[in-house]
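Each chain, letter by letter, is given below.
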Amino acid sequence: MSQTFPNAVDHDARRVHIREVGPRDGFQNEPETIPTDEKVRLINALGRAGFKRIEVASFVRPDVIPQLSDGVNVLRQIQVPMDVARMVLIPNSRGLDNALHVRELFEEATLFVSASQTHNKRNINRTVEETMADVAVMGKRIVAEDLTFCAVIATSFGCPFEGKVPMDRVLDLAEQFAEAGATEIGFGDTTGMCNPAYSSRFFAAAIERLPGIEVTAHFHNTRGQGLANAYAALEAGCNSFESSFGELGGCPVPKGSTGNIATEDLVSMFHEMGVETGLDLEAVIDAAREAQGVLGRKLTSHSIVAGPVIWQPAV
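Now for a look at the structure at hand. The structure displayed is predicted, hence computed values, not measured ones. (Residues numbered from 1 in each chain as written. Predicted model: local features only at pLDDT ≥ 70, side-chain atom pairs only at ≥ 80, totals over all residues. Heavy atoms only, no water.)

**Concerning the overall build of the protein chain**
Right, on to step 1. Of regular secondary structure, the protein chain possesses 12 helices and 10 strands.
Right, on to step 2. For 315 residues, the compact-globule formula gives about 20 Å, and the C-alpha radius of gyration of the protein chain, at 18 Å, lands near that figure.
Right, on to step 3. Its C-alpha atoms give the protein chain principal-axis dimensions of about 65 × 45 × 35 Å.
Right, on to step 4. Considering the protein chain as a whole, with its 315 residues, one finds that 55% of them fall into the buried category. (Helix = DSSP H or I, 4+ residues; strand = E, 2+ residues; numbered from the N terminus. Rg over C-alpha atoms; globule rule 2.2 N^0.38 Å. Buried < 20%, exposed > 50% of the residue type's maximum accessible area, 1.4 Å probe, protein only.)

**Regarding unusual backbone geometry**
Right, on to step 1. For aspartate 146, which is not glycine, the phi torsion reads 60° and is therefore positive.
Right, on to step 2. Examined against the element boundaries, aspartate 146 turns out to sit in the loop between α6 (128–144) and β5 (148–154).
Right, on to step 3. Located in the positive-phi region is glutamate 247, a residue other than glycine, with phi close to 65°.
Right, on to step 4. As for its position among the elements, glutamate 247 is in the loop between β8 (240–243) and β9 (250–251).
Right, on to step 5. A relative accessible area of 12% means that glutamate 247 is categorised as buried.

**With respect to the packing of helix α10 (residues 263–272) against helix α11 (residues 281–295)**
Right, on to step 1. Closest axis-to-axis distance for the α10/α11 pair is 9 Å, and the angle between their directions is 165°. The angle between the axes of α10 and α11 places the two elements in the roughly antiparallel class. The chirality of how α10 crosses α11 is left-handed. The residues of α11 that touch α10, namely those facing Thr263, Glu264, Val267, Ser268 and His271, are Leu281, Val284, Ile285 and Ala288. (Axes fitted to C-alpha atoms, helices over the stretch in contact; angles between N-to-C directions. Parallel < 35°, antiparallel > 145°, perpendicular 65-115°, else oblique. Left-handed = near helix turned anticlockwise from the far one by under 90°. Contact = heavy atoms within 4.5 Å.)

**A closer look at the pattern of salt bridges**
Right, on to step 1. Taken as a whole, this structure holds 19 salt bridges when the rule is applied.
Right, on to step 2. A salt bridge links glutamate 175 to arginine 209; the shortest N-O distance between them is 2.9 Å. Residue glutamate 175 is found in helix α7 (residues 167–180), and its partner arginine 209 is found in helix α8 (residues 196–209); the two are separated by 34 residues along the sequence.
Right, on to step 3. Given a relative accessible area of 27%, glutamate 175 falls into the partly exposed group.
Right, on to step 4. Residue classification places arginine 209 among the partly exposed positions, given a relative accessible area of 27%.
Right, on to step 5. Linked through salt bridges whose partners overlap, the residues forming this network are Arg19, Glu108, Glu184 and Glu242. (Salt bridge = Lys/Arg side-chain N within 4 Å of Asp/Glu carboxyl O.)

**Here we look at the packing of aromatic side chains**
Right, on to step 1. This model, assessed by the stated rule, comprises 12 aromatic pairs.
Right, on to step 2. Aromatic pair phenylalanine 157 and phenylalanine 203: ring centres 6.0 Å apart, planes at 35°, arrangement tilted. Within this pair, whereas phenylalanine 157 is found in the loop between β5 and α7, its partner phenylalanine 203 is found in helix α8, the two being separated by 46 residues in sequence.
Right, on to step 3. On the numbers, 6.1 Å between centres and 45° between planes, the contact of tyrosine 198 with phenylalanine 202 is tilted. Here the residue tyrosine 198 and the residue phenylalanine 202 both occupy positions in helix α8, the gap between them amounting to four residues, near one helical turn. (Phe/Tyr/Trp six-rings, centres within 6.5 Å; stacked < 30°, edge-to-face > 60°.)

**Topic: the environment of alanine 151**
Right, on to step 1. By secondary structure assignment, the location of alanine 151 is in strand β5.
Right, on to step 2. Judged by its relative accessible area of 2%, alanine 151 falls in the buried class.
Right, on to step 3. In the structure, alanine 151 is positioned 62 residues away from leucine 89 in sequence and 9.4 Å away in space, judged by C-alpha atoms.

**Some thoughts on the packing of helix α9 (residues 226–235) against α10**
Right, on to step 1. Close contact between α9 and α10 brings their axes to 11 Å; oriented N to C, the two are set at 45°. By the angle between their directions, the pair α9 and α10 is classed as oblique. Like other packed secondary-structure pairs, α9 and α10 cross with a definite hand, here right-handed. For the pair formed by α9 and α10, the contact residues are Leu227, Ala230, Tyr231 and Leu234 on the first element and Asp265, Leu266, Met269 and Phe270 on the second.
Right, on to step 2. The residue inventory of the contact of α9 with α10, partitioned by class, reads seven nonpolar, no polar and one charged. (Nonpolar A, V, L, I, M, F, W, Y, C, P; charged D, E, K, R; others polar.)

**Here's the deal with the side chain of aspartate 265**
Right, on to step 1. For aspartate 265, the position within the fold is in helix α10.
Right, on to step 2. Buried charge aspartate 265 goes without a salt bridge, the closest partner of opposite sign being arginine 289 at 9.7 Å.
Right, on to step 3. Here serine 303 takes part through its side chain, which lies 2.6 Å from a polar atom of the side chain of aspartate 265.
Right, on to step 4. If near-sequence neighbours (up to four positions away) are discounted, aspartate 265 is found in contact with Leu227, Glu247, Ser301, His302 and Ser303. (Lys, Arg positive; Asp, Glu negative; His and termini not counted. Polar contact = N/O pair within 3.5 Å; in protein donor to acceptor, adjacent residues only side chain to side chain.)

In structure tokens, the structure reads:
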């Protein structure tokens, strides 16, 4: 649905790409088991909203994240348009083995590491060096399968255990991912420690250091700065973002690290600025409201309550 927005700023007809991560990153934090058929229904609704990239499942051990143990069934049952890239998260080589058994069910594979040694150990019980050694091996296998190899670096903007994370450390890891074959690298504000000024400096540096790589911003709204950080990244030249409908998600380590930025709030902001997303905002809001109903609790997205901005004709 296209509109003309009276307060829109001319961004040279700029367009951004948004990957919806709620079905994996959002659902994994929910304490109550979400039925498989409800997950499928919500993902199908997201597909109809115009997303071209949806993170659907994870190949983490079922005993680690029981909520995602039905991932293969979800992948088999969803019915999204043919041009939607289905993404899965891969924690290690064993997870990749399991994923490749159902290679026909997805198009994108994501590997991840934390820039913080302490967070990496607490999150996946491995050192950063052990993780990156595995990445070098897994990357070759992913590329050989003609999958899109994506990477995510968690705690890119700060760590609750170690404090500030040097930018060079993060970008060095990004270059290692690129050498392993990644064509997209996401930088995660895992516990909501970024601020707009740093976001601007960081993404300008990342884009310069990673020519030919799609640089993706993944912000959390833990402290209410998610949209401001996304705006700063946009102004620095970033045009790829990840978000979660309903503001679902967060990080299980440590507790209290709640909330990806809400997709519908991000889309609303971009549309009001005249930045194209290719998404139907009303359909995204409807999907978030459906998720709210499935979960049986009020979600924290603003657009769920307010709806899209409606500009009345001037009298």
